Amino acid sequence: MDAFLASTLAVAIAEIGDKTQLLSLFLVARYAKRTPIILGILIATVLNHALSAWLGAWVAQWIPEAWLPWILAVSFVAIALWLLIPDKDDSEDSKFLGMGAFMATTVMFFLAEIGDKTQIATVVLAARYTDTFWVIMGTTVGMLLANVPVIMAGRWLMERLPLAMARISASILFVALAVVTVWATVMNS
């Protein structure tokens, strides 16, 4: 359950102000129906984060056990620093928009997540926790928790969220994950 809760919290907070929220705003302005957009986010996230989590679990098998916690701690700190950099909206007109709300959302979200902070975080979380399934579920729920309110409340919600505070909170969370990882390693040595 730790994997699920840590993954959900990490992604939900890290997604506030992320380019995928900006993409959600763009899509809800473009398409009238919200349900296909939400389902597209769900499918894209499950696919993207499943691949990422499996990659993280696979990589963790090849790294010497003594090195893994230290590599993970450095990775968590790197993500924490990356989270402090605001994302930009790069969701201008796309050839995918003609596919309809569901397909456009699925393709655009999947592509937007490639190399994104939350994809990298999913790889690292899956390397940290042995429960890959719960990491995938947690990161997916975190993505939905961050994006569904944007789809439902749109620009009104985005104008009222303190994005700088969200980025700092997410950064602190990843530093805490790094500290916990090092602490557990030192205490178990």
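The coordinates are above.
S.K.: Can you lay out the overall build of the protein chain for me, pointing to particular residues and giving the numbers?
M.R.: Of the regular secondary structure elements, the protein chain holds 9 helices and 0 strands. Scanning the protein chain from its N terminus toward the C terminus, one meets helices and strands in the order α-α-α-α-α-α-α-α-α. Excluding contacts between residues fewer than 6 apart, the proportion of contacts in the protein chain whose partners are at least 24 apart in sequence is 90%.

S.K.: A description of a nonpolar patch on the surface should follow, citing residues and the corresponding values.
M.R.: A cluster of nonpolar residues, Leu 39, Ile 43, Leu 47, Met 99, Phe 102 and Met 103, forms a patch on the protein surface that exposes about 500 Å² of accessible area. Those elements that place two or more of their residues in the nonpolar patch are helix 3 (35-62) and helix 5 (101-113). If you tally residues by element for the nonpolar patch, the top one is helix 3, at 3 residues. Within the secondary structure, Phe 102 is located in helix 5.

S.K.: Describe in detail the environment of Ile 136, supporting the description with residues and values.
M.R.: Structurally, Ile 136 can be placed in helix 7 (residues 132-153). Residue Ile 136 is classed as buried on the basis of its relative accessible area, which comes to 6%. When the C-alpha atoms of Ile 136 and Ser 7 are compared, they prove to be 7.9 Å apart, with 129 residues separating the residues in sequence. Among residues more than four places away in sequence, those in contact with Ile 136 are Val 46, His 49, Ala 50, Ala 53 and Trp 54.

S.K.: Describe the nonpolar core, naming the residues involved and giving the relevant values.
M.R.: Grouped together as the largest cluster of nonpolar side chains are 26 residues, with contacts concentrated most on Leu 72, Phe 76, Leu 125, Tyr 129, Val 135, Phe 174 and Leu 177. Contributing elements (two or more residues each) for this core: helix 1 (2-14), helix 3, helix 4 (68-83), helix 6 (117-128), helix 7 and helix 9 (163-187). Among all residues touching Leu 72, those that are not within four sequence positions of it are Val 124, Ala 127, Arg 128 and Thr 181. In terms of nonpolar packing, the next biggest core, distinct from the first, is built from 15 residues, Val 11, Leu 27, Ala 44 and Met 143 among them.

S.K.: Kindly report on the packing of helix 6 against helix 7, identifying the contributing residues and their values.
M.R.: Interaxial distance between helix 6 and helix 7 falls to 10 Å at its minimum, and their mutual angle equals 155°. For the element pair helix 6 / helix 7, the angle class is roughly antiparallel. The element helix 6 and its partner helix 7 pack so that their crossing is right-handed. Of the residues in helix 7, those in contact with Thr 118, Thr 122, Leu 125 and Ala 126 of helix 6 are Val 135, Thr 139 and Met 143. Of the residues that constitute the contact of helix 6 with helix 7, the class distribution is 4 nonpolar, 3 polar and no charged.

S.K.: With reference to specific residues and values, describe the packing of aromatic side chains.
M.R.: Applying the stated criterion across every chain, the model contains 3 aromatic pairs. The interplanar angle of 85° and the centroid separation of 5.7 Å between the aromatic rings of Phe 4 and Trp 134 together place this pair among those described as edge-to-face. Placement of the pair is Phe 4 in helix 1 and Trp 134 in helix 7, with a sequence separation of 130 residues. Exposure remark for Phe 4: the relative accessible area of 17% places this residue in the buried category. Here Trp 58 and Trp 62 contribute two aromatic rings whose centre-to-centre distance is 6.1 Å and whose plane-to-plane angle is 65°, an arrangement assigned as edge-to-face. Of this pair, Trp 58 and Trp 62 both sit in helix 3, 4 residues apart, roughly one helical turn. A network of ring pairs unites the aromatic residues Phe 4, Phe 133 and Trp 134 as a single cluster. One residue, Arg 128, lies across the ring of Tyr 129, its end atom 4.8 Å from the ring centre.

About the criteria used
- Residue positions within a chain follow its written sequence, with the count starting from 1.
- With pLDDT at 70 or above as the cut-off, local features in this predicted model cover only qualifying residues; side-chain atom pairs require 80 or more to be listed or tallied, and sums for whole chains, interfaces and linings still use all residues.
- Only hydrogens and water are removed before side-chain values are computed, so all heavy atoms of the structure are retained for them.
- Helix numbering and strand numbering both begin at the N terminus, where a helix is a DSSP run of H or I of at least 4 residues and a strand a DSSP run of E of at least 2.
- Residue contacts are defined here by distance: any two heavy atoms, one from each residue, within 4.5 Å place the two residues in contact.
- Patch criteria: residues need more than 30% relative accessible area and no salt bridge. Like-charged residues are merged within 9 Å; nonpolar side chains of Val, Leu, Ile, Met, Phe, Trp and Tyr are merged within 5 Å.
- The Shrake-Rupley method, run with a 1.4 Å probe, gives the accessible areas here. Residue values count only the displayed protein chains as cover.
- Each reported salt bridge corresponds to a side-chain nitrogen of Lys or Arg within 4 Å of a carboxyl oxygen of Asp or Glu.
- Burial here depends on accessible area, computed with a 1.4 Å probe over protein chains only, as a share of the maximum for the residue type. Under 20% is buried, over 50% is exposed, and the range in between is partly exposed.
- Residues belong to one nonpolar core when they are buried, are Ala, Val, Leu, Ile, Met, Phe, Trp, Tyr or Cys, and are joined through side-chain atoms within 4.5 Å.
- An axis is simply a line fitted to the C-alpha atoms; with a helix, the fit covers only the stretch in contact. Between two such axes, the angle follows the N-to-C directions and lies from 0 to 180 degrees.
- For classification purposes, an angle smaller than 35 degrees is called roughly parallel, one larger than 145 roughly antiparallel, one from 65 to 115 roughly perpendicular, and anything else oblique.
- The sense of a crossing depends on the near helix, which, turned anticlockwise from the far helix by less than a right angle, makes the crossing left-handed and, turned clockwise, makes it right-handed.
- When residues are grouped by polarity, Ala, Val, Leu, Ile, Met, Phe, Trp, Tyr, Cys and Pro land in nonpolar, Asp, Glu, Lys and Arg in charged, and all others, Gly among them, in polar.
- In this scheme Phe, Tyr and Trp rings, the latter by its six-membered ring, pair at centre separations within 6.5 Å, and the angle between planes marks the pair as stacked below 30 degrees, edge-to-face above 60, and tilted otherwise.
- Here, over-ring charges are defined by two tests on the NZ atom of lysine or the CZ atom of arginine: distance to the ring centre within 6 Å, and angle to the ring normal within 35 degrees.

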